[in-house]
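Coordinates in review
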Amino acid sequence: MLYVIISKDVDDSLEKRKSARAAHLERLQALRDTGKLILAGPLPAIDSNEPGPHGFSGSLIVAEFDSLDDAQRWADADPFMAAGVYAQSVVKPFKRVF
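Here we summarise the structure given alongside this text. In this text, all values refer to a predicted model and were calculated from it rather than measured experimentally. (Residues numbered from 1 in each chain as written. Predicted model: local features only at pLDDT ≥ 70, side-chain atom pairs only at ≥ 80, totals over all residues. Heavy atoms only, no water.)

A few points about the overall build of the chain
Rules: Put simply, DSSP marks the helices as runs of H or I at least four residues long and the strands as runs of E at least two long, and each gets a number from the N terminus on. Taken over C-alpha atoms, the radius of gyration is set against a globule rule of 2.2 Å times the number of residues to the power 0.38. Three exposure classes are used, based on accessible area relative to the maximum for each residue type with a 1.4 Å probe and protein chains only: buried under 20%, partly exposed in between, and exposed over 50%.
From N to C terminus, the chain includes three helices and four strands. If you list the helices and strands of the chain from N to C, you get β-α-β-β-α-α-β. Scaling as 2.2 N^0.38, a compact globule of 98 residues should have a C-alpha radius of gyration of about 13 Å, and the chain matches this with 13 Å. Taken across its 98 residues, the chain has 34% of its residues classed as buried.

Dropping the structure here:
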């Protein structure tokens, strides 16, 4: 089943994001390599693809997992969580229509 992971950044997370980005992307790449990643990306803090020093307010991931518990465990183990980038991550089942 598909799940959406919506993560909210702490304030002033840009430097923490930069320091943990390689590990975060490596983990997403591994998920993509299994064919389970549908989409992933950051949420710019301003209305721009390149927010510069404004940084990001969070992230969105849609991926396939065996269960809600598996999706939650995966989200909880994200390097951004360990680095203090994310204040929280919410995981919910997702039904793809289009």
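Now, onward.
Side note on the sheet that holds strand E1 (residues 2-9)
Applicable threshold: Strand pairing follows a simple DSSP-based rule, namely that at least 2 bridges must link the two strands. Axis definition: a line fitted to C-alpha atoms, limited for helices to the stretch in contact. Angles are taken between N-to-C directions and run from 0 to 180 degrees. Throughout, a residue-residue contact means that at least one pair of heavy atoms, one from each residue, lies within 4.5 Å.
Taken in spatial order, the four strands of this open sheet run E2-E3-E1-E4, and their pairing is antiparallel. Sheet topology places strand E2 (37-44) and strand E4 (86-94) at the edges, where each strand pairs with a single neighbour. Averaged over neighbouring strand pairs, the angle between their axes works out to 15 degrees when direction is ignored. Relative to strand E3 (residues 56-64), E2 runs antiparallel, the two being bridged by seven bridges. Paired with Leu43 across the bridge in E3 is Gly58. Each of E1, E3 and E4 is contacted by helix H2 (residues 68-76), which is oriented at about 155 degrees to E4, the strand it contacts most.

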